[in-house]
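Structure at a glance
Below are the chains, spelled out letter by letter.
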Amino acid sequence: MGKPLRLNTIVPGEKVRVIEIRGGGQHLRRRLIEMGVVRGAPVKVQRVAPLGDPMEIRLSSSSLSLRMAEAHHVIVERDV
Amino acid sequence: MKKTDLKIAIAGNPNAGKTTVFNALTGTRQHVANYPGVTVEKKSGLLKYKDMQMEIVDLPGTYSLTAASEDERVARNYIIHEKPDVVVDVIDASNFERNAYLTSQLLELGVRLVVVLNMSDRAKSQGQILDIEMIKERLGCEVVETVGSRGVGIGELKDSIARAVNRNPKDVTLDYGEEFGAFVDEVTDSIAAMKGGVDYASKRWIATKLLEYDPQVVQKFTDTYRSLGTTIMNRVREIRKNVEGHHRASLDILFAERRYGFAAGLYREILRKEPSGHRHFSDSVDDLVTHRFIGIPLFLGLMYLVFYVTFTFAGLPMEWIENGVGWLGNLVATYWPGDGPIKSLVVDGAISGVGGVLVFLPNILLLFMCISILEDSGYMARVAFIMDKLMHKIGLHGKSFIPMVLGFGCSVPAIMATRTLENRRDRLTTMLIIPLMSCGAKLPIYTLFIPAFFPMAWRPRVLWLLYLTGVMLAILLIRILRSSMLKGESTPFVMELPPYRVPTLKGIIIHMWERSKLYLKKAGTIILAVSIVMWFLTSYPKPAEIPGAQEVRGTAIEYSFAGRIGHAMEPAIKPLGFDWRIGTALIGAMAAKEVFVSQLAIIFSLSGDESGISRLTEKLRKNYTPLIGICVMLFCLISFPCMATIVMTKRESGSWKWAIFQLVGLTMLAYLITLIVYQVGIRI
């Protein structure tokens, strides 16, 4: 297993895998699951908005935008 | 057997093409209303098929059916309480897994389901092949492939709906795993053992929701059973506490994961060929649209285009409407025998009132054409993506930017544009501050007062300063509102960036038509009524007739209710530097801001037309100081928006409460600021 990282620290172009969602409140956690940010899901950081926040991530078949503060709660690892 | 009045609900994720399927099924026979008590819109239409008459309801697009948002509550309550005969679940075929999460919740509710794999052409072009028969077998329901935007598969969909009406839903039990499954079984049994029992939904569903501690279901359960339900609720709390201790997560999160697991499992089972290399086109567009340097200028350029189309293109038809209404007024005035109150009511009250309503129509049509294109193409989500950092800083959502910019043109369409905001608090906040974006109708006031009191070189700066004051006040108010009345946990920003799509002409036209109809029906009637009241206030009571004298016009208005109110107000507005004449003109300005100018001209016994207004400048210089000039402009900028705006706020916020709050709040703010400026101003 790779080292646990926070999604907001991942740079565009990198591919990671979701380990868990840590903290952030019920609303955010449930919303992320509903949108497919679940344990084991492969995620690619696509880009960061022109003003530096939010970021766009690519899941297997959809694209999501989330604020850096929200990405902070998503713990990911690099594929080994 | 003749079947009538079947209820069909359409559910699905946002961006799954729900609306195109709905439009394809119902055509233009649509009806838009609000769900009782909330601002969420209920769109319904009629479909006659074979011997059946179906009412089709387009539920709000949601990713889930929890009680987390108003949209989700509305969709869920409709399914539970209205018990539609069939629920059509529109799925974006190229995003099956995520969309099937909602399907899993519909299955749990035990509805008669028809699954629609929409945009199947796109999914196929990406090389994805799904086993339709397998979906039918696993979910026990009808499955149809469609391309809603081109009407492909709609005939089959109608057939499937008709068949589904008589088909009993398969009892699909979601697997929550051994541990959680046992809890669900236990609570289900406890509910079943209760006297009376619950009947509004399946016991298993209620058990699941109690374990999730769904606020709505828990509330209803404890209200219905009071002490009887206490044992069950205590057990539920105990289970939740234990689970949280073991899993470091609450049951609603764990259940959500299991449901997603179901969706993912189903997808793996039915997937015959994986899609490959999709979104190339969207990606290249996004590289440009969200580019570090090009993204924002491009957006501002598009914004300018929307502004230009909405307000400049609309200029000509608006002129036609104004001329047409003027012509009609003259025609009636010419052929109406004699003079009298009824004639004046018809010509100056009703006809010009109708004109005042119709004049916004070109704006609204064009604005909603633009908004439809921006939304349906997927660009609106990018607007939020680009602008969110800035807007989040002042306490709003990225999407609030568009309505705010439109506010510089006219508050009425701008308030309608807040519809693109999903979160109610964001919507309300944006709506309430929009009048501070100095609208086009306030410009005539500035162009009268600025040249009257300021030398040429100062004029642009004063004008710019006025606009800036409005924006700064808006930001301040947003902050205040967000930390007081409209406080609350900010909902997650997490938002889908859908692939770009070509908007359909049909979709755009239906959208434009729908908005215009709503405007004319809901707002138009009230605006018309208020116009007539305003006409009455400025024309009655009449002084004794002194025919022919031009001077009499000024005295007539002074004699009217508006003039009397102006006089009565004088003590209150004196500290702002205003006299009764300004007060009276302000009352006239309630109908529309630009009326302030013509009213003032009439009060100074000048004609309300251009020559009168040019002479008004001299009168203003003679009667008022530059400080008063600034105060008038400030007051007009901040104070009560015109009645059309108020009516729109009422309509879009769903209650008079917010409209009156906006009216009173802004007027008080205007009073306070003008008071300070004037009082400080006369002392320096």
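Note that the structure is a prediction, hence the values are computed from the model and not measured.

1. Observations regarding the overall build of chain B
Regarding its fold elements, chain B presents 31 helices and 10 strands. By principal-axis analysis of the C-alpha atoms, chain B measures approximately 90 × 60 × 55 Å. Buried positions account for 45% of the 684 residues belonging to chain B. Partitioning the contacts of chain B with sequence separation of at least 6, the portion at a separation of at least 24 is 71%.

2. Observations concerning the interface of chain A and chain B
Facing 28 residues of chain A, the contacting portion of chain B comprises 32 residues. Among the secondary structure elements, those contributing two or more residues to the side of chain A that touches chain B are helix 1 (25–34) and strand 5 (63–66) of chain A. It is helix 1 of chain A that contributes the most residues to the side of chain A that touches chain B, 9 residues altogether. Counted by class, the side of chain A that touches chain B contains 11 nonpolar, 8 polar and 9 charged residues. Bridge analysis of strand 5 of chain A against strand 10 (residues 495–496) of chain B gives 2 bridges, and the strand direction is antiparallel.

3. Digging into the packing of helix 1 of chain A against helix 11 (residues 251–270) of chain B
In contact at an axis separation of 9 Å, helix 1 of chain A and helix 11 of chain B are set at 5° when each is read in the N-to-C sense. Relative to helix 11 of chain B, the element helix 1 of chain A lies roughly parallel. Here Gln26, Arg29, Arg30, Ile33 and Glu34 of chain A of helix 1 of chain A come into contact with helix 11 of chain B, specifically with Asp252, Ile253, Ala256, Glu257 and Tyr260 of chain B.

4. Digging into helix 17 (residues 379–393) of chain B
All names here are of chain B. Compared with the 21 Å implied by 1.5 Å per residue over 15 residues, the 22 Å span of helix 17 between its first and last C-alpha is a close match. Turning to helix 17, its buried residues are Ala381, Arg382, Val383, Ala384, Phe385, Ile386, Met387, Asp388 and Met391. Gly395 lies just past helix 17 and shows a positive phi near 100°.

5. Side note on the packing of helix 7 (residues 177–193) of chain B against helix 8 (residues 203–212) of chain B
How two helices pack is summed up by the angle between their axes together with the distance between the axes. Residues and elements named next belong to chain B. Running from N to C, helix 7 and helix 8 cross one another at 120°; their axes reach a closest spacing of 8 Å. In terms of orientation, helix 7 and helix 8 fall into the oblique class. Two packed elements cross with a definite hand, and for helix 7 against helix 8 that hand is right-handed. In contact with Phe183, Val184, Val187, Thr188, Ile191 and Ala192 of helix 7, helix 8 contributes Lys203, Arg204, Ile206, Ala207, Thr208, Leu210 and Leu211. In terms of residue class, the contact of helix 7 with helix 8 is made up of 9 nonpolar, 2 polar and 2 charged.

6. Here's the deal with the environment of Ala568 of chain B
All names here are of chain B. Its place among the elements puts Ala568 in helix 25 (residues 561–573). The class for Ala568 is exposed, based on 12 C-beta atoms found within 10 Å. Sequence spacing of Ala568 and Trp580 is 12 residues, and the spatial spacing of their C-alpha atoms is 7.8 Å.

7. Structural notes on the nonpolar core
Residue and element names in this part refer to chain B. Grouped together as the largest cluster of nonpolar side chains are 199 residues, with contacts concentrated most on Ile10, Val114, Val115, Val116 and Met633. Considering each element in turn, this core owes the most residues, 10 residues, to helix 29 (residues 626–638). Discounting chain neighbours no more than four positions away, the residues touching Ile10 are Lys18, Val21, Phe22, Ile56, Val57, Asp58, Leu59, Val88 and Val90.

Conventions used here
- Residues numbered from 1 in each chain as written.
- Chains lettered and ligands numbered in written order.
- Predicted model: local features only at pLDDT ≥ 70, side-chain atom pairs only at ≥ 80, totals over all residues.
- Helix = DSSP H or I, 4+ residues; strand = E, 2+ residues; numbered from the N terminus.
- Buried ≥ 20, exposed ≤ 12 C-beta atoms within 10 Å, placed from the backbone.
- Contact = placed C-beta atoms within 7 Å.
- Nonpolar A, V, L, I, M, F, W, Y, C, P; charged D, E, K, R; others polar.
- Pairing = 2+ DSSP bridges.
- Axes fitted to C-alpha atoms, helices over the stretch in contact; angles between N-to-C directions.
- Parallel < 35°, antiparallel > 145°, perpendicular 65-115°, else oblique.
- Expected span 1.5 Å × (residues − 1).
- Left-handed = near helix turned anticlockwise from the far one by under 90°.
- Core = buried A, V, L, I, M, F, W, Y, C linked by C-beta atoms within 7 Å.

By themselves, these are just geometric observations and shouldn't be taken as functional.
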